[in-house]
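So you can see what is in the structure, the chains are spelled out below.
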Amino acid sequence: MSGKTITFKREIPIRHEVDVCVTGGGAAGVAAATAAARAGAKVFLAEATGCFGGLGTAGLVPAFCGVGNGMRVMGGPFCNEILKAMDIPSGAYDREFSYIDAEKLKRVYDEIITDCGCIFALEVRLAAVECENGIIKSAIFTECGDESLFAVNAKVFIDATGNGDLAAWAGADFAVGNARGIVMPSTLCTAWANIDWDKFDKSQLFSQLLQAIDDGIFSLNDWHHSGMFPVGKGIAGGNFGHIYNLRADKTASRTAGWLDIRKRTAEFQTFYNRYVPGFQRAELVATAALMGVRECRRITGDYILTVDDFKNKARFDDEIGQFAYGVDIHPLDDTKAEFERFQREFYGNLRYKAGECYGVPYRVLIPAKLKNCLTAGRCVSTDQPMEASIRVMPGCYLTGYAAGTAAALAKDGDVRKIQAAEIRNIMEENG
Ligand SMILES: Cc1cc2nc3c(=O)[nH]c(=O)nc-3n(C[C@H](O)[C@H](O)[C@H](O)COP(=O)(O)OP(=O)(O)OC[C@H]3O[C@@H](n4cnc5c(N)ncnc54)[C@H](O)[C@@H]3O)c2cc1C
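Not measured: the values here are computed from a predicted model.

The rules behind the values
Residues numbered from 1 in each chain as written. Predicted model: local features only at pLDDT ≥ 70, side-chain atom pairs only at ≥ 80, totals over all residues. Heavy atoms only, no water. Helix = DSSP H or I, 4+ residues; strand = E, 2+ residues; numbered from the N terminus. Rg over C-alpha atoms; globule rule 2.2 N^0.38 Å. Buried < 20%, exposed > 50% of the residue type's maximum accessible area, 1.4 Å probe, protein only. Areas by Shrake-Rupley, 256 points an atom, 1.4 Å probe, with all protein chains shown as cover. Lys, Arg positive; Asp, Glu negative; His and termini not counted. Charge placed at Lys NZ, Arg CZ, Asp CG, Glu CD. Axes fitted to C-alpha atoms, helices over the stretch in contact; angles between N-to-C directions. Left-handed = near helix turned anticlockwise from the far one by under 90°. Contact = heavy atoms within 4.5 Å. Core = buried A, V, L, I, M, F, W, Y, C linked by side-chain atoms within 4.5 Å. Domains from an automatic or database assignment. Phe/Tyr/Trp six-rings, centres within 6.5 Å; stacked < 30°, edge-to-face > 60°. Pairing = 2+ DSSP bridges. Buried area = accessible area lost by both parts, 1.4 Å probe. Polar contact = N/O pair within 3.5 Å; in protein donor to acceptor, adjacent residues only side chain to side chain. Near = heavy atom within 4 Å. Nonpolar A, V, L, I, M, F, W, Y, C, P; charged D, E, K, R; others polar.

1. Here we look at the overall build of the chain
Move 1: Secondary structure assignment for the chain yields 11 helices and 19 strands.
Move 2: Taking 22 Å as the expected radius of gyration for a compact globule of 431 residues, we find that the chain reaches 21 Å, a close match to that expectation.
Move 3: Reported as C-alpha extents along the three principal axes, the dimensions of the chain are approximately 60 × 55 × 40 Å.
Move 4: Expressed as a percentage of its 431 residues, the buried residues of the chain come to 58%.
Move 5: Accessible surface, the chain: about 18,100 Å² in total, of which carbon and sulfur atoms supply 49%.
Move 6: Averaging the locations of the 47 positively and 53 negatively charged side chains of the chain gives two centres separated by 2 Å.

2. Things to note about the packing of helix α1 (residues 27-38) against helix α10 (residues 393-409)
Move 1: Packing of α1 against α10 brings their axes to within 7 Å, and their N-to-C directions diverge by 30°. Classified by chirality, the crossing of α10 by α1 is right-handed. Within the contact between the two elements, α1 uses Ala27, Ala28, Ala31, Ala32, Ala35, Ala36 and Arg38 and α10 uses Met393, Cys396, Tyr397, Gly400, Tyr401, Gly404, Thr405 and Ala408.

3. Quick word on the nonpolar core
Move 1: If you look at the biggest cluster of nonpolar residues, it comprises 105 residues, and the most contacted ones within it are Phe64, Ile82, Phe271, Tyr362, Leu374 and Tyr397.
Move 2: Shared between two domains, this core takes at least three residues from each, and those domains are domain 1 (14-178 + 295-429) and domain 2 (186-287).

4. Re the packing of aromatic side chains
Move 1: Counted by the stated rule, this structure contains 30 aromatic pairs.
Move 2: Ring geometry for phenylalanine 52 against phenylalanine 120: centres 5.8 Å apart, planes inclined by 75°, an arrangement best described as edge-to-face. Placement of phenylalanine 52 in the loop between β2 (43-46) and β3 (63-65) and of phenylalanine 120 in strand β5 (residues 119-121) is noted, with a sequence separation of 68 residues between them.
Move 3: The class of phenylalanine 120 is partly exposed, set by a relative accessible area of 35%.
Move 4: Following the ring pairs from residue to residue traces out a cluster consisting of Trp192, Trp197, Phe200, Phe218, Phe240, Phe268, Phe271, Tyr272, Tyr275 and Phe279.

5. Describing the sheet that holds strand β15 (residues 283-287)
Move 1: Strands sit in the order β12-β13-β11-β15 across an open sheet of 4 strands; the sheet is antiparallel. At either margin of the open sheet sits one strand with a lone partner, and together these are β12 (227-232) and β15. Averaged over neighbouring strand pairs, the angle between their axes works out to 30° when direction is ignored.
Move 2: Across 3 bridges, strand β11 (residues 190-193) lies against strand β13 (residues 235-239) in antiparallel orientation. Paired with alanine 191 across the two strands is glycine 237, which belongs to β13.
Move 3: Lying on the sheet, helix α6 (residues 251-275) is in contact with β11, β12 and β15; it crosses β15 at an angle near 150°.

6. As for unusual backbone geometry
Move 1: Backbone geometry places serine 148, a non-glycine residue, at a positive phi of 65°.
Move 2: The topology assignment puts serine 148 in the loop between β7 (135-143) and β8 (149-159).
Move 3: The phi angle at asparagine 245 is positive, at roughly 50°, despite the residue not being glycine.
Move 4: Tracing the backbone through its elements, the reader meets asparagine 245 in the loop between β14 (242-243) and α6.
Move 5: Judged by its relative accessible area of 28%, asparagine 245 is partly exposed.

7. Looking at the domain arrangement of the chain
Move 1: What the domain assignment lists for the chain is domain 1 (14-178 + 295-429) and domain 2 (186-287).
Move 2: A C-alpha centroid distance of 27 Å is found between domain 1 and domain 2.
Move 3: Domain 1 puts 22 residues into the contact, and the matching count from domain 2 is 22 residues.
Move 4: Both sides of the domain 1 and domain 2 interface together cover about 1,700 Å² of buried area, and 70% of this is carbon and sulfur.
Move 5: Looking at the side of domain 1 facing domain 2, the largest losses of area belong to Leu60, Pro62 and Asp334, adding up to 29% of the total buried there.
Move 6: Between the two partners, domain 1 and domain 2, sit 3 residue pairs in polar contact (both at pLDDT 80 or more).
Move 7: Every element with two or more residues in the side of domain 1 that touches domain 2 is listed here: β4 (97-99) and α8 (336-349).
Move 8: The element contributing the most residues to the side of domain 1 that touches domain 2 is α8, with 3 residues.

8. Examining the site of the ligand
Move 1: Not every one of the 36 residues close to the ligand is listed here, only the nearest: Glu47, Ala63, Leu126, Arg391 and Met393.
Move 2: Contact distances for the ligand include 3.2 Å between an oxygen atom and a backbone N or O atom of alanine 27.
Move 3: Between the ligand and the protein, one listed contact pairs an oxygen atom with a backbone N or O atom of leucine 55 at 2.9 Å.
Move 4: Here the ligand, which alone exposes 1,000 Å², has 97% of that area covered by the protein.
Move 5: Contributions of two or more residues to the shell around the ligand are made by α1, β3, β6 (124-132) and α10.
Move 6: Here the shell around the ligand is composed, by residue class, of 18 nonpolar, 12 polar and 6 charged.

Okay, here's the thing in structure tokens:
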């Protein structure tokens, strides 16, 4: 930091004046924009990458999880719709994982977004927010096109950036990580080819990993290894390799994380080729274009959903749905003790039995300091353990669809005037 500053002043065009502006086109943003447009609002959706879907597409996250609670599909109407569009058989809905063909998912989102009639743009990034007295007036976007910067005015703004950029830049309070500011690790997901799935025995993977750790294959011992998922014939999606305490709201931390994990991904290739039957000829095809950030800012809302709510299976008058995925809080560092803590909690007391669930109150979508803003997806108002439950894609569909519905109902922009029952009714009508 030089400590010096400049004043940056420009006249820029207001490209769109809409009812609802959604920033971020991941699972939550697509759900929000679709719900708002279907409810009759004029909507603008902005996405920074070249595709919709965020971590589930550009981020190469290879599976939906938390789809069902053993009795029924969780994740609300949009989750149902996506599973059907992806041709995932209904019998699979209750299982922990349903695998993702990322290219197909991109096309599914393209079609839904086009059909719902919202205005949208890819490769545009939120750069700044104009906010007065808790009311957001304009979102400022950057583009590679002619104008470089443009503004969008809206009655309601939805933050679906995952990292909570919009709400934080508008002045909302937020928390990051645990009491010491330590966030869940990030993972750069990967695509692999030349796999012989018939020879692979998942039950042996952990002992193979321990052997490789003993043999000194890795520069960092990473005990928690989610593994490879069959996302196609002979191909796999890799979800492994933790980057501990990557702070997605800090550029230096992000930059170092990319370099570190690319180097360590090569070590994982050595591991799979040498130690894992079925993967002797496996080749790394690609690392994801989007860093796999599990956790960044959690925007402080009118209510903070906590791990006690999970334990109590809390229900709320203003709930917009229910969810059931366990508290999947990955080890926060590379010690064996942290790995054992994760195993104890995720496979033990912070996981539900079939049919159990907790309620998700509308208030977790409303940033406490803002009047015309809602959050959706992994930046909603929770403590760290609850973010580790609701952040999975079905949870993002749920909060996204509810936020979009509420935003369309808030005709004068005041999101607190909307009753959760109105949101629930529309979500029920939508399946
Ligand atoms: C490694 C890893 C493994 C996971 N495994 C699973 C799993 O097995 N199953 C599961 O269901 N979930 C899993 N998750 C969780 C899940 O994938 C994410 O939490 C979820 O996809 C988040 O959705 P989102 O829409 O809130 O955010 P994101 O998917 O992060 O989408 C945010 C979108 O906003 C865009 N954006 C960000 N900033 C801006 C900006 N300033 N301007 C414009 N656009 C912006 C981004 O480009 C992105 O497309 C995993 C996550 C990670 C990281």
